[in-house]
Amino acid sequence: MNWHFPRTDYAEHILNAMHGGLLSRVTIFAPRKRGKTQFIQRDVMPLCESKGIFVVYVDFWQDKDNPEAVFIQSVIRAIEERKSWLSKVTDIFKPNKIGVSLSKASVDIGLEAKQEQNPYQLFDAFELLNKLNMPTLLCLDEVQHLATRKEFENFTAALRSFMVNRGDDLVKGIFTGSSREGLEKLFRHTKAPFYNSAQSLDFPALDEKFVEFELGVVKKITNGVELNKEDALNTLIEQHREPARFVELLQQMVLNQVVDFSEAMKRFDLVVQSHPQEFQDLFEQLPALDKAVLLLIARGNGKNFYTDKGIRNVKLMLLDDSVNVTKSSINNALRRLKSENLIFNIKRGVMGIENPELEKYLIAVAS
Ligand SMILES: Nc1ncnc2c1ncn2[C@@H]1O[C@H](COP(=O)(O)OP(=O)(O)OP(=O)(O)O)[C@@H](O)[C@H]1O
Ligand SMILES: [Mg+2]
């Protein structure tokens, strides 16, 4: 049974805007588990194929230490996998068309393989894409990861040049990720590598259309059981509109023949209960100062950290008097929390908690 709620219209909207020259690169950021990756893989990518666009999917978390190798391998793999499709729409596989022999692509470059052992260099991957000479869409997932380490700077700059500084308009990009802080780092700050080079699009939250679709699936597999739509929508909202939790709940309801949502939530929605342990572990291992700062942010006091009052607030939250609280120690704590993707800049000088579930947990801890 296919539980995937298609968002073809939205995919179509993006691709049409790209085709019409309105968009070249877009960022789609949304909190975790809202369906970004599925949208790219199951809605955008199949649509590209039907429009004659060559599409490459890159997940930078596939090997967190080596985004460049991940990129190269994803390009090679995409070409390999779509050889027969490509040979219909381009003449790339005619002899001598590609300088770099594609037979090399058959060599399994293995993600663990060290860069030096990698038969392809970044330049080769760019060359291959250039030689395809056809509309190409690079879907770069968890792209915020590129902004996390200094050693990724060269690759990120090269990628930017390849995508942004080109005469033709053949290579477009969709950037996805779940960290708003990472997005800022990569696209918004004046020194950011992709500064101002992509437009940001909202990722529409799932609404009653999604609920109707999934209730339709339930009806089909149960030969006619109709669940209450309003209760279903409220449940989805309660679950922060996370599709997987909602679908899992429906599956449990079908398996156990439960039709009442509040009963189902109590019995089957175990995610919420399972989070606190995970959050507790995460919280416990933080330095005392980071804990205090995080708690203040969760309480809505995530601003003016560098004023006397801000410093006093941090001291108040600290359980341990021996910790030194200064502007620079607070600054370090904020930096650590950002690099762990726990907090982000809501606006200048105001911090927020990235994950709404963690925020809830922290509010409970702080009160
Ligand atoms: N359109 C959809 N219809 C039904 N279920 C979906 C849909 N999109 C996502 N899901 C479910 O939600 C899960 C999480 O989706 P996905 O991995 O795309 O989220 P994400 O936003 O990329 O999360 P992360 O930020 O953790 O990468 C999927 O494994 C799938 O079970
Ligand atoms: Mg994802």
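Here the structure is shown first, and the text comes after it.
Residues numbered from 1 in each chain as written. Chains lettered and ligands numbered in written order. Predicted model: local features only at pLDDT ≥ 70, side-chain atom pairs only at ≥ 80, totals over all residues. Heavy atoms only, no water.

**So, the overall build of the protein chain**
Okay, step 1: Looking only at helices and strands, the protein chain has 16 helices and seven strands in total.
Okay, step 2: With the C-alpha coordinates of the protein chain rotated into their principal frame, the extents come out at 70 × 60 × 40 Å.
Okay, step 3: Of the roughly 18900 Å² of accessible surface on the protein chain, a fraction of 49% belongs to carbon and sulfur atoms.
Okay, step 4: Here the protein chain contributes 48 positive and 49 negative side-chain charges, whose respective centroids are spaced 5 Å apart. (Helix = DSSP H or I, 4+ residues; strand = E, 2+ residues; numbered from the N terminus. Areas by Shrake-Rupley, 256 points an atom, 1.4 Å probe, with all protein chains shown as cover. Lys, Arg positive; Asp, Glu negative; His and termini not counted. Charge placed at Lys NZ, Arg CZ, Asp CG, Glu CD.)

**Remarks on helix α5 (residues 122-132)**
Okay, step 1: Taken together, the buried positions of α5 are L122, D124, A125, F126, L128, L129 and L132.
Okay, step 2: Once α5 finishes, N133 follows within two positions and takes phi at roughly 50°, a positive value. (Buried < 20%, exposed > 50% of the residue type's maximum accessible area, 1.4 Å probe, protein only.)

**A short note on the pairing of strand β7 (residues 350-353)**
Okay, step 1: Two strands pair when backbone bridges link them, and strand β6 (residues 343-347) and β7 are joined in this way by four bridges, in the antiparallel orientation. Note that in β7 the partner of N345 across the bridge is M351.
Okay, step 2: Between the end of β6 and the start of β7, which pair antiparallel, lie two residues, with G349 showing a positive phi angle near 80°. (Pairing = 2+ DSSP bridges.)

**Considerations on a positive patch on the surface**
Okay, step 1: On the surface, a cluster of positive charge is contributed by K303, K309, R312 and K347.
Okay, step 2: The topology assignment puts K347 in strand β6.
Okay, step 3: Owing to a relative accessible area of 57%, K347 belongs among the exposed residues under this scheme. (Patch = residues over 30% accessible without salt bridge, like charges linked within 9 Å, V, L, I, M, F, W, Y side chains within 5 Å. Salt bridge = Lys/Arg side-chain N within 4 Å of Asp/Glu carboxyl O.)

**What about the packing of aromatic side chains?**
Okay, step 1: For the structure on display, the rule yields 13 aromatic pairs.
Okay, step 2: Geometrically, the ring pair formed by F71 and F155 is tilted, given 5.8 Å between the ring centres and 55° between the ring planes. Residue F71 is located in helix α3 (residues 67-81), and its partner F155 is located in helix α6 (residues 153-164); the two are separated by 84 residues in the primary sequence.
Okay, step 3: With centroids separated by 5.1 Å and ring planes inclined at 70°, the aromatic side chains of F175 and F187 adopt a geometry described as edge-to-face. With F175 in strand β4 (residues 171-177) and F187 in helix α7 (residues 180-188), this residue pair connects regions lying 12 residues apart in the sequence.
Okay, step 4: When its relative accessible area of 0% is taken as the criterion, F175 is described as buried.
Okay, step 5: Ring pairing ties together the aromatic residues F60, F71, F126, F155 and F162, which thus form one cluster.
Okay, step 6: One cation-aromatic arrangement involves K291 over F283; the distance from NZ or CZ to the ring centre is 5.7 Å. (Phe/Tyr/Trp six-rings, centres within 6.5 Å; stacked < 30°, edge-to-face > 60°. Lys NZ or Arg CZ within 6 Å of the ring centre and 35° of its normal.)

**Thoughts on the nonpolar core**
Okay, step 1: Grouped together as the largest cluster of nonpolar side chains are 36 residues, with contacts concentrated most on F54, F71, L129, L138, L140, V143 and L159.
Okay, step 2: Of all the elements in the fold, those that place two or more residues in this core are β2 (54-59), α3, α4 (83-89), α5, β3 (136-141), α6, β4 and α7.
Okay, step 3: Examining the composition of this core, we find that seven residues originate from one element, α3, more than from any other.
Okay, step 4: Formed by 28 residues, the second largest nonpolar core is a distinct cluster that contains L286, L294, L358 and L362. (Core = buried A, V, L, I, M, F, W, Y, C linked by side-chain atoms within 4.5 Å.)

**Digging into the site of ligand 1**
Okay, step 1: Taken together, 16 residues lie around ligand 1, and R32, K33, K36, T37 and Q38 are the ones closest in.
Okay, step 2: Take F5: an N or O atom from its main chain is 2.8 Å from a nitrogen atom of ligand 1.
Okay, step 3: At 3.0 Å from an oxygen atom of ligand 1 is found a main-chain nitrogen or oxygen belonging to G35.
Okay, step 4: In the complex, 84% of the free accessible area of ligand 1, which totals 620 Å², lies under the protein chains.
Okay, step 5: Breaking the shell around ligand 1 down by element, the ones donating at least two residues are α2 (36-50), α8 (208-221) and α10 (243-256).
Okay, step 6: Within the shell around ligand 1, the residues separate by chemical class into five nonpolar, five polar and six charged. (Near = heavy atom within 4 Å. Polar contact = N/O pair within 3.5 Å; in protein donor to acceptor, adjacent residues only side chain to side chain. Nonpolar A, V, L, I, M, F, W, Y, C, P; charged D, E, K, R; others polar.)

**A short note on the state of the cysteines**
Okay, step 1: Following the criterion strictly, the structure yields zero disulfides and no others.
Okay, step 2: The closest cysteine sulfur to the non-disulfide-bonded C48 is located on C139, 6.0 Å from its own sulfur.
Okay, step 3: On the basis of relative accessibility, which here comes to 0%, the residue C48 falls in the buried class.
Okay, step 4: On the accessibility criterion, C139 (1% relative accessible area) is buried. (Disulfide = S-S within 2.5 Å.)

**A short note on unusual backbone geometry**
Okay, step 1: Non-glycine residue N133 carries a positive phi angle of around 50°.
Okay, step 2: As for its position among the elements, N133 is in the loop between α5 and β3.
Okay, step 3: Of the residues examined, N133 reaches a relative accessible area of 55% and is grouped as exposed.
Okay, step 4: The phi dihedral of R241 falls on the positive side, at around 55°, and the residue is not glycine.
Okay, step 5: Secondary-structure assignment places R241 in the loop between α9 (229-238) and α10.
Okay, step 6: Of the residues examined, R241 reaches a relative accessible area of 27% and is grouped as partly exposed.

**Considerations on the pairing of β4**
Okay, step 1: In terms of burial, β4 is largely enclosed, as seven of its seven residues are buried.
Okay, step 2: Along β4, one buried face is formed by V171, G173, F175 and G177 and the opposite face, lined by K172, I174 and T176, is buried too.
Okay, step 3: Bridge analysis of strand β1 (residues 25-29) against β4 gives five bridges, and the strand direction is parallel. Bridge pairing in β4 links I28 to T176.
Okay, step 4: Both β3 and β4 contribute to a ladder of six bridges, which runs parallel. If you follow L138 over to β4, its bridge partner there is G173.
Okay, step 5: For the segment spanning β3, α6 and β4, crossover handedness is right-handed. (Right-handed = clockwise from strand over helix to strand, strands pointing away.)

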